[in-house]
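# Observations on the model geometry
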Amino acid sequence: MFRFHTTLACGATIALASPVAADDLCAKALTALGTSAAPLACTGTPAGIAIAPDIERADRLSRLGEAGEARFKTYFGRDTSPYVVLEAIELAGAPNPKAALEAVGFERVLVWSSQEDHVRQITAATRASAVAAARRQGLDETKIAAVADQAVAARRPGRLTLDAREAQVVPHELGHGWFVKAFWPDYQPAAQDHYGGPGPDWLDEIAAMLMEDGDGAEERRKVFRAVYQGRAGGALSTFPVANLIDLPRFLGREHPAQASPDIRPDDMPAGGPVGMRIIDSNDPEAMTRVLEAALYYP
Ligand SMILES: [Zn+2]
């Protein structure tokens, strides 16, 4: 990766590595985002691109999109609709980069937080949750600060965790859009608060999950297996196993997170990055709904 250390090397590498069609897509996207986007790095495939502050990051996000493209072709036998993965950064003159990119023909625009921003969000939410819990216990301020620091240190995700999450979620989120566009090309969502298509929620989720890196799905299957075999610990130990194998219920129900606004990702400004919600593990009702939502993914 040392090759990418200077701006000059970046430019030369893009020119050699990117297909012409990707360069055209990059030019179109960066123009749509305005002059403040000019210094950003962009790379991709003829089907979609990734834009980020540096070429290593753009390349990584693009590879995740490319892996998703291949899986989409394998599973659905269709091409993916034109897409952009845009790392979420402030761009002067582009208050809604998602809308600007959609306006020039990118049908799937995923605004994605940098790993640093993601860690910052986790840290802030973990600290707030730990402080609230410590206050409820009546601890003094010095003790509260110490407890919060401990909670943050214990919750800090490592680089591998962050990479694994991205390999799972980036293609998953792209896949939601590709799936709807491929099979309901004229579909206009009636409400902005649902991400999926006109089909049932389970179908949207299965389509998106097929785009993920296999390790993430395998992790979820392990949890599912443990619950099914009655050897799951913690809050999962009391999960009703009958619900796991109730196929009519599964096929007929709304996504559990869609039905529970209190566990859905926080609302983000229009065109903002994919949201996140940290649930206080001291709230047993919310935890039950979170687990139910987690187990919704087969
Ligand atoms: Zn999904």
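Residues numbered from 1 in each chain as written. Predicted model: local features only at pLDDT ≥ 70, side-chain atom pairs only at ≥ 80, totals over all residues. Heavy atoms only, no water.

Moving on, we get to the packing of helix α3 (residues 55-76) against helix α7 (residues 159-183). One way to put it is that α3 packs onto α7 with a least axis distance of 9 Å and a crossing angle of 50°. If you check the angle between α3 and α7, you find them oblique. Of the two elements, α3 crosses α7, and the hand of that crossing is right-handed. Packed against α3, whose contacting residues are Arg57, Arg60, Leu61, Leu64, Gly65, Gly68, Glu69, Arg71, Phe72 and Phe76, the element α7 presents Asp163, Glu166, Ala167, Val170, Pro171, Leu174, Trp178, Phe179, Ala182 and Phe183 at the interface. (Axes fitted to C-alpha atoms, helices over the stretch in contact; angles between N-to-C directions. Helix = DSSP H or I, 4+ residues; strand = E, 2+ residues; numbered from the N terminus. Parallel < 35°, antiparallel > 145°, perpendicular 65-115°, else oblique. Left-handed = near helix turned anticlockwise from the far one by under 90°. Contact = heavy atoms within 4.5 Å.)

Further remarks concern the packing of aromatic side chains. Enumeration according to the criterion identifies eight aromatic pairs in this entry. Measuring from ring centre to ring centre gives 4.9 Å for Phe72 and Phe76, while their planes differ by 45°; the resulting arrangement is tilted. Taken as a pair, Phe72 and Phe76 lie in helix α3 at a separation of four residues, close to a single helical turn. On the accessibility criterion, Phe72 (1% relative accessible area) is buried. Pairing Trp202 with Phe250 gives two aromatic rings, centres 6.5 Å apart and planes at 40°, and the pair type is tilted. Remark: Phe250 occurs in helix α11 (residues 247-252) and Trp202 occurs in helix α8 (residues 201-209); sequence separation between them is 48 residues. For Trp202, a relative accessible area of 23% gives the class partly exposed. Residue Phe250 is classed as buried on the basis of its relative accessible area, which comes to 17%. By way of ring pairs, the aromatic residues Phe72, Phe76, Tyr83, Trp178, Phe179, Phe183 and Trp184 are connected into one cluster. A cation sits over an aromatic face here: Lys28 above Phe106, 5.3 Å from the ring centre. (Phe/Tyr/Trp six-rings, centres within 6.5 Å; stacked < 30°, edge-to-face > 60°. Buried < 20%, exposed > 50% of the residue type's maximum accessible area, 1.4 Å probe, protein only. Lys NZ or Arg CZ within 6 Å of the ring centre and 35° of its normal.)

Among the secondary structure elements, Asp59 is positioned in helix α3. In the structure, Asp59 is positioned 10 residues away from Ile49 in sequence and 9.0 Å away in space, judged by C-alpha atoms.

Moving on: the pattern of salt bridges. Following the criterion strictly, the structure yields 13 salt bridges and no others. Two residues, Arg120 and Asp117, come together in a salt bridge whose shortest N-O distance is 2.6 Å. Separated by three residues within a single helix, Arg120 and Asp117 lie in helix α5 (residues 115-136), roughly one turn from each other. With its nearest N and O atoms 3.4 Å apart, the salt bridge here joins Glu218 to Arg221. In this pair, Glu218 and Arg221 are both assigned in helix α9 (residues 214-228), three residues apart and thus about one turn of the helix distant. (Salt bridge = Lys/Arg side-chain N within 4 Å of Asp/Glu carboxyl O.)

Taken together, the protein donors to the zinc ion comprise His172 (NE2), His176 (NE2), Glu205 (OE) and Glu205 (OE), at separations of 2.0 to 2.7 Å. Every donor counted, the four donor atoms about the zinc ion form angles of 50 to 146° at the centre, which fits irregular coordination. Donor residues for the zinc ion, ordered by position in the chain, follow H-x3-H-x28-E. Taken as a pair, His172 and His176 lie in helix α7 at a separation of four residues, close to a single helical turn. When sorted by exposure, His172 lands in the same class as His176, which is buried. (Donors = N, O, S within 2.8 Å, 3.2 Å for Na, K, Ca; no water. Tetrahedral: all angles 85-135°; square planar, octahedral: opposite > 155°, others 65-115°.)

Here we take up the pairing of strand β1 (residues 41-45). Most of β1 sits out of view: five of its five residues are buried. Across the two faces of β1 the burial is the same, with Ala41, Thr43 and Thr45 and Cys42 and Gly44 all buried. One ladder, built from five bridges, connects β1 with strand β2 (residues 48-52); its direction is antiparallel. Residue Cys42 lies in a different strand from β2, and its bridge partner there is Ile51. Counting the residues between successive antiparallel strands, the hairpin from β1 to β2 contains two residues. (Pairing = 2+ DSSP bridges.)

Bear in mind that shape data such as this cannot, by itself, settle questions of function.
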